[in-house]
Amino acid sequence: MIKYGFLPFSAYVISDFLVFHRHRSISLEILLRQIRFTGVEALGLVMLIALLIGALIIVQGYPLLSSIGQVKWTYAILISTIVRDLGPFIVCFVVLARSGTAITTELGNMVVRKEIDALIAMGVSPISYLVAPRVLGMVASLILLMSYFVACGIFGGYLVSNAFASIPLSTFFAKLMAQLHWLDMVIMLAKVAFSGLMISLIASYHGLTVKSAITEVPQRNIKAVGRGLIALCVIHVMFTLLYFALMGNW
């Protein structure tokens, strides 16, 4: 269905997305379904992963750091891992594998069933009606999931910390906040927002480039996941380098 490249497609979607409130063809139902599927139904999986990672960080790091008298570095490691680096990448990868493939499959099947052609015949823009709500829903869902990931990861670290040394939650949280820099939060939000944008654009593009055969859908899914993963790596490396540059660590 798409007859031009990824960059023109992305520019078209973003320009439409920026003025989506002016289009009557935007489907609020599609937006809400995307948020529910990506940001709500994945909460259980993301929370479980966050609890395990937070716990593992303390299990592996606390005994080593306490042996050299540097327990305070535990909080810095939690911030670095949960908030800034590993956490955003894991959440984005889960969304790519789960929701990115779903978008590609759904749009690809719609192309094969001629539903896209039917929308165009009715004067409805597929970009405004199908793609823009998914882009907005993906970005919003990733921010939601990342918030829960941070909360659960820190809580998991606190639970395991109590196994080594009893510490009040207020004290644990105060020491953690002392290690948290505002730039950590900005970089985290930038990573998940840009990743959500790229995941949804790549998945939508490959879904709409299906031509006529149903066998093209899994092939496009494979390409979407591969290129989405490359995009995630590039985005996270770029923002990590930007973080160190802004913090003056170079």
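A few points on the structure. Values in this document were obtained by computation on a predicted structure and should not be read as measured data. (Residues numbered from 1 in each chain as written. Predicted model: local features only at pLDDT ≥ 70, side-chain atom pairs only at ≥ 80, totals over all residues. Heavy atoms only, no water.)

**As for the packing of aromatic side chains**
Point 1. With the rule as written, the count across this model stands at six aromatic pairs.
Point 2. With a centroid separation of 5.5 Å and an interplanar angle of 70°, the aromatic rings of Tyr243 and Phe244 are classed as edge-to-face.
Point 3. Residue Tyr243 is classed as buried on the basis of its relative accessible area, which comes to 6%.
Point 4. Between Arg98 and the ring centre of Phe37, over which it is positioned, the NZ or CZ distance is 4.2 Å. (Phe/Tyr/Trp six-rings, centres within 6.5 Å; stacked < 30°, edge-to-face > 60°. Buried < 20%, exposed > 50% of the residue type's maximum accessible area, 1.4 Å probe, protein only. Lys NZ or Arg CZ within 6 Å of the ring centre and 35° of its normal.)

**A short note on the pattern of salt bridges**
Point 1. Considering all chains together, one arrives at seven salt bridges under this definition.
Point 2. The salt bridge involving Glu41 is made with Arg98; its shortest N-O contact spans 3.6 Å. Residue Glu41 is found in the loop between α2 (28–40) and α3 (43–67), and its partner Arg98 is found in helix α5 (residues 86–112); the two are separated by 57 residues along the sequence.
Point 3. Of the charged contacts in the structure, one is a salt bridge between Arg113 and Glu115, with a shortest N-O distance of 2.6 Å.
Point 4. The network of salt bridges with shared partners includes Arg84, Asp85, Asp184 and Lys191. (Salt bridge = Lys/Arg side-chain N within 4 Å of Asp/Glu carboxyl O. Helix = DSSP H or I, 4+ residues; strand = E, 2+ residues; numbered from the N terminus.)

**With respect to the side chain of Ser80**
Point 1. Within the secondary structure, Ser80 is located in helix α4 (residues 73–84).
Point 2. Polar contacts involving the side chain of Ser80 include one to the side chain of Arg84, which spans 3.1 Å.
Point 3. Beyond its immediate stretch of four places on either side in the chain, Ser80 contacts Asp85 and Leu86. (Polar contact = N/O pair within 3.5 Å; in protein donor to acceptor, adjacent residues only side chain to side chain. Contact = heavy atoms within 4.5 Å.)

**Details of the packing of α5 against helix α10 (residues 216–247)**
Point 1. Between α5 and α10, the least distance of the axes is 9 Å, while the angle of their chain directions is 150°. Of the possible angle classes, the one that applies to α5 and α10 is roughly antiparallel. Considering the relative orientation of α5 and α10, their crossing is right-handed. Mapping the contact onto sequence places Pro88, Phe89, Cys92, Phe93, Leu96, Thr101, Thr104, Thr105, Gly108 and Asn109 in α5 and Val217, Arg220, Asn221, Ala224, Val225, Gly228, Leu229, Leu232, Cys233 and His236 in α10.
Point 2. Among the residues making up the contact of α5 with α10, the classes are represented as 11 nonpolar, eight polar and one charged. (Axes fitted to C-alpha atoms, helices over the stretch in contact; angles between N-to-C directions. Parallel < 35°, antiparallel > 145°, perpendicular 65-115°, else oblique. Left-handed = near helix turned anticlockwise from the far one by under 90°. Nonpolar A, V, L, I, M, F, W, Y, C, P; charged D, E, K, R; others polar.)

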